[in-house]
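# Working through the structure, step by step
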Amino acid sequence: MTTVQTIPLIGPGIHRVDGPLKVTGAAHYPSDFSFPNLAYAVLVQSTIAAGSIRHIDTTATLAAPGVLAVITHENAGQLGQGPIANLGAPPPPPLQNNRIVHYGQHIAVVVAETLEQATAASQLLTVDYDTAEALLHLVDPRAEVLTNPWGLDQQRGDVATNLAIAPVRVEATYTTPAETTNALGLFATVALWDGDTLTVHDTTQYPVHVRATLAAAFGVPEEKIRVLVPFVGGAFGAGLRPWPHVILAALAAQRVKRPVKLVLTRPQMFTSIGHRPNTVQHIKIGASNDGTLIAIEHEGTSSLGMEDNNIERLTAGTAAAYACPHVSTRDRQVRLNIPSPGSMRAPGEAEGNFALECALDELAYELKMDPLELRLRNNAQIHPQSGLPWSSKALRECYKQGAGLFNWSRRTPTPRSMRDGRWLVGYGMAAVSYVWYQPPCQARVSLFRDGTAYVRSAATDIGTGTYTVMTQLSAEFLGLPLDHIRFGLGDTEMPPAPNEGGSGLVGTLGSAIHAACQQLLVAFLNVVSHDTASPLRGCLLEDITVSHGRIHRKNDPTQGEEYTAILARHGLEELTVYGENTRPQPQKMGIAPAGAFGAKFVEVRVDPDLGLIRVTRVISAIDGGRILNEKLAASQIIGGAVGGIGMALLEEAVSDAETGRIANATFSDYLVPVNADVPNMDVIFVGEADPLNPMGTKGIGEIGLIGIAAALANAIYHATGKRIRDLPITLDKLLS
Ligand code: MOS
C-alpha cells in the first residue's frame, strides 16, 4: 500500500534539527524581526470591566515627542470579522465602537519612533468612562448561560433512573481557576505594508488563519498578505486564535505608512491572548458493589467573554472514557466581563479529566477498592458511545507498565497510612482517553538535480519538534539521507496547513507529506515511463521502493537508478509536486478513531504540620501509537507533566472581584513550576501503530498534561485524607 519502511531514522529519534539554530541564537522569533524605518506600537487598555468610553482625549499623546499616530475607536475605521476555521471564529476586530466588555480591552494604539516614546506617550492618554456593573463571577445569576453551545453534548441510556437505583454513588463539585499560557517569549507582531501588500511576522500556531483574518479585517485578498513564523517560541495554545493586537499592528503600519512592531508586555500576556477559563463541574457516578460503573453524569460550566466565542469542551472525554451503559455529558458557557478565553494545552480535556478522575478516586474509596482495579474493571474494550472497535487502544498496557514501574502494589489503601519520616506519603493515579483530530493539510515537495529535497507546508513548530519529525519522515518517504532534506514551514506562501493544535499536526502534516512524496515518486516514474535507458521503465508506484537516493524495483533491488540520474538524463532541474492528506473515514471503516491513551501515577510527600506538598515521582505511561522520535516525544510528555503540576498546585490568575483586573499579572505573583518543584519524571510508551494515518501515529501534544492534576489530587488525598476539589491545591486549603 505504501513505500514506508521502518528504518533506524524512526523510533529512538534524532536530535532536534533546529537545535543548533536555537542555541546559537540564529533562530529568529517573531519579535526578532525588523524592517528599515521601523516604528513601534504600544497598546492602551481599558481600566474598567464594563461600560463605555464617554470621551478619549488624545491631545497630549499626539503632542508627545516622537508620536506618529494615535488610533482609537473614533478613527480606526471599519475592520471586518475574520472567518471560522478549525477552532471557530477569531475574536471580534478591535476598536469598532466605544463599548467596554472587559478590563484590559484594547482601547487605543499609540505609534511612535521608539518604543520608549510610544510607551511614555501612551500614559498621557486620558479616558472618561461610563462604568456599568460588571458580570465577573461564574455563578452570577444575571449572566447569560449558553447550553450545549456546540451541539456536542452526549447521551446514552437512562442516567437519571439508573443513578437513582445504583447501590453506590458519589456526587461532587470541582472547580478549576483561570490559568494563563504565558510563554516566556512575548507575543509579537511586525507588520509591513507595501502598497496593498501586507507582510506580517506573528506569534501564531495557525498562519493561514491569521492571513484570512487580516484579509477580512482590511478587505484585501488573501494573496496580498503573507504571514511568516519560522519559529513561534512557546505558545501552549495561545497562538491558535488570531488576536485583536495582530490586527492593530497591521492597522498601525497602514496608518503611519511605515513598518510597525508591536510586542505585548508581560501583563498584556495575561489579557490579550486567551487563557484557560475557570470552571465549575458537577459529577455524579453510580456503581454496583463490585465496582462496575452504572451511570455517569458530568456537567461542566466554563466562562466566556461577553462578545466572544471559544470552544472549551470540558466533558469531551467523558462519554468515551469508560464502559458505562448510562452516560450524560453537558457543557455550558457563561458570558462574563472577562478577557477572551482561548485554548491552553488540552483545553477542556484537562479540566474535565480532573473532575472525572477525582470522582472515580472518590468512588474507589467508597467501594474500598483499589483505584487502578476500578479503572481496569471498567476499561472500555470497544468505543462505548458508538459500539465500534477502537482503531487502536493499549490503555490496559499503560496501566500495567505504569503501575509496574511505579510499584503501585506497595500502596497501602488507607489514607495517611504511608510515611517517610515525618512526611506523609501518597500515591495517586488517573487515566486519560484523548480525542482524535486529523484536519485537512497540504504539502509541497521538490527534488533537485543535486539530490536534495525541499519539503514545505504552512505549518508551525511550537518547540514540539515539527521541523525534526517532518525531516525524519521526508527522509524515510523519499529514501534520502537526513542531510539531503530541507524542511520549511511557517510561511503562508507554502501550501495551507491546519493549526498546530489539538495534538493533530504530526498525523495530518505527516500524511500530507506522505502523499506529496508518493506523488513525487509517481512523477519520476512518469518521466521514465517510456525511457528505454531506465530500468524503471513501465514501473508503477506499487512496484518500487526507495533508499539511498535511489528508486528501485521491489522484486529486484539491483534494477533501479538515482533520482539525480533521471533528472540529468531528462534535462530537468527539479521535479515539484503537491500532496494533500487523505482524510480517513473511520466510520466507513467500521472503527472508532482513537486518540492517545495514558495512565498517570504520582507520588507526593506532604508535611502534616505545614501542608507543604512535594511531588516526588511522576510516571506517565502513554499509548501514542507509533512513536516517531522517542526523545522528543518523551520530552513533550515531560513538559506536559510540568504543566500538570502547575495546574494542580500553583497556577491561578486571580481577578479583583470588583474591577476584574488580574491582580497577579507578573511572573513573581503568577506561579509556575520551577526545577525545584519538579522531580525526575519517567515516560513509558506502549501500544502499536494506529491504522488511521500512514505513519501509525496518534497525537501526543496534549496528553502529557492531562491526568496529572487528578493523579496529584488523588495522591494528596491518599497522603492526608483531605479531599481538595478546588484547584490549585495550596497549603492553606490543606490546613483549613
Ligand atoms: Mo494546543 S491548546 O491544541 O496548542
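Coordinates for the structure precede this section.
Okay, so let's go over this structure. (Residues numbered from 1 in each chain as written. Predicted model: local features only at pLDDT ≥ 70, side-chain atom pairs only at ≥ 80, totals over all residues. Heavy atoms only, no water.)

## Observations regarding the overall build of the chain
Selection rule: Elements are defined by DSSP. Helices are runs of H or I of four residues or more, strands are runs of E of two residues or more, and each kind is numbered from the N terminus. Radius of gyration: C-alpha atoms only; globule rule: 2.2 Å multiplied by the number of residues to the exponent 0.38. Remark: exposure states derive from per-residue accessible area (1.4 Å probe, protein chains only) relative to the maximum for the residue type, with buried under 20%, exposed over 50%, and partly exposed in between. In what follows, a contact means two residues having at least one pair of non-hydrogen atoms within 4.5 Å. Working definition of accessibility: Shrake-Rupley area with a 1.4 Å probe, residue cover restricted to the visible protein chains. Just so you know, the count uses Lys and Arg for positive and Asp and Glu for negative, and it drops His and the chain ends. In plain terms, the charge of a residue is placed at NZ if it is Lys, CZ if Arg, CG if Asp and CD if Glu.
Check the secondary structure of the chain and you find 16 helices and 28 strands. A compact globule built from 736 residues should have a C-alpha radius of gyration of about 27 Å, and the chain, at 27 Å, falls within 12% of that. Along the longest, intermediate and shortest principal axes, the C-alpha atoms of the chain span 85 × 70 × 50 Å. Considering the chain as a whole, with its 736 residues, one finds that 60% of them fall into the buried category. Counting only contacts in the chain whose residues sit at least 6 apart along the sequence, the fraction spanning at least 24 positions is 80%. Accessible surface, the chain: about 27,400 Å² in total, of which carbon and sulfur atoms supply 53%. Mean positive and mean negative side-chain charge positions of the chain (57 and 70 charges, respectively) differ by 4 Å.

## Looking at the pairing of strand 14 (residues 279–287)
We apply this condition: Only strands that DSSP links by at least two bridges are regarded as paired with each other.
Counting buried positions along strand 14 yields seven of nine residues, so the element is predominantly enclosed. The pairing of strand 9 (residues 168–176) with strand 14 spans nine bridges and is antiparallel. When the bridges of strand 14 are listed, Val-168 appears paired with Ala-287. By the bridge criterion, nine bridges tie strand 14 to strand 15 (residues 293–305) in an arrangement that is antiparallel. Within strand 15, the position partnered with Val-280 by the bridge is Thr-301. Hairpin remark: strand 14 followed by strand 15, antiparallel, with five residues in the connecting loop; positive phi at Gly-291, about 95°.

## What to know about unusual backbone geometry
Leu-727 connects to Pro-728 through a cis peptide bond whose omega is -5°. Position of Pro-728 relative to the elements: it lies in the loop between helix 15 (708–720) and helix 16 (731–735). For Leu-95, which is not glycine, the phi torsion reads 55° and is therefore positive. Here Leu-95 lies in the loop between strand 3 (67–72) and strand 4 (99–100). By relative accessible area, which is 6% here, Leu-95 ends up buried. The backbone phi angle of Asn-407 is positive, close to 65°, even though this residue is not glycine. Within the fold, Asn-407 resides in the loop between helix 10 (395–406) and strand 17 (419–420).

## What about the packing of helix 8 (residues 349–367) against helix 15?
Definition in use: Only C-alpha atoms enter the line fits that serve as axes; for helices the fit covers just the stretch in contact. Angles between N-to-C directions range over 0 to 180 degrees. By the definition adopted for this analysis, an angle is roughly parallel if under 35 degrees, roughly antiparallel if over 145, roughly perpendicular if from 65 to 115, and oblique otherwise. Helix crossings get a hand from a simple test, with the near helix turned counterclockwise from the far one by less than a right angle marking a left-handed crossing and a clockwise turn marking a right-handed one. Amino acids outside the nonpolar list (Ala, Val, Leu, Ile, Met, Phe, Trp, Tyr, Cys, Pro) and the charged list (Asp, Glu, Lys, Arg) are all regarded as polar, and Gly is one of them.
For the pair helix 8 and helix 15, interaxial distance at closest approach is 8 Å and the crossing angle is 30°. Considering their axes alone, helix 8 and helix 15 lie roughly parallel with respect to each other. The way helix 8 lies across helix 15 gives a crossing that is right-handed. Along the contact surface, helix 8 presents Asn-353, Phe-354, Glu-357, Cys-358, Asp-361 and Tyr-365, while helix 15 presents Ala-709, Ala-710, Ala-713, Asn-714, Tyr-717 and His-718. Its residues assigned to classes, the contact of helix 8 with helix 15 comprises seven nonpolar, three polar and two charged.

## Notes on the nonpolar core
So the rule is basically this: Remark: nonpolar core denotes a set of buried residues (Ala, Val, Leu, Ile, Met, Phe, Trp, Tyr, Cys) joined through side-chain atoms within 4.5 Å.
If you look at the biggest cluster of nonpolar residues, it comprises 89 residues, and the most contacted ones within it are Leu-363 and Leu-712. Residue contributions to this core peak at ten residues, all from helix 8. Ignoring any residue separated from it by four or fewer positions in sequence, one finds Leu-363 in contact with Val-168, Val-170, Ile-285, Ala-287, Leu-293 and Leu-374. Ranked by size, the runner-up nonpolar core spans 47 residues in total, among them Tyr-467, Ala-523, Val-528 and Met-695.

## Focus: the sheet that holds strand 27 (residues 613–623)
Pairing is mixed across the open sheet formed by five strands, whose spatial order is 17-18-26-27-28. Each edge of the sheet is formed by a strand with only one pairing partner; in this case those strands are strand 17 and strand 28 (681–686). Where strand 18 (residues 423–433) and strand 26 (residues 597–606) come together, ten bridges link them in antiparallel fashion. The residue bridging Ala-431 from the neighbouring strand is Ala-599, located in strand 26. Strands in contact with helix 10 are strand 18, strand 26, strand 27 and strand 28; relative to strand 26, the strand with the most contacts, it is inclined by about 25°.

## Some words on the pairing of strand 21 (residues 485–488)
For the record, the criterion: Orienting the strands away from the viewer, one traces the path from the first strand over the helix to the second; a clockwise path indicates a right-handed crossover.
Both strand 20 (residues 453–456) and strand 21 contribute to a ladder of four bridges, which runs parallel. Considered in strand 21, the bridge of Ala-453 is made with Ile-485. Running through helix 11 (residues 466–478), the crossover from strand 20 to the neighbouring parallel element strand 21 is right-handed.

## A few points about the side chain of Lys-261
So the rule is basically this: Whenever a carboxyl oxygen of Asp or Glu lies within 4 Å of a side-chain nitrogen of Lys or Arg, that contact is scored as a salt bridge. Any N or O atom pair separated by 3.5 Å or less is treated as a polar contact, with the protein-specific requirement of one donor-capable and one acceptor-capable atom, and with residues adjacent in sequence counted only for side-chain atom pairs.
By the element assignment, Lys-261 lies in strand 13 (residues 260–263). Buried charge without a partner: Lys-261 forms no salt bridge, and the closest opposite charge is Asp-32, 6.5 Å away. For Lys-261, the side chain forms a polar contact with the main-chain oxygen of Ser-31, separated by 2.7 Å. Those residues in contact with Lys-261, other than ones at most four positions away along the chain, are Ser-31, Asp-32, Phe-33, Leu-38, Ala-39, Tyr-40, Ala-41, Thr-189 and Val-190.

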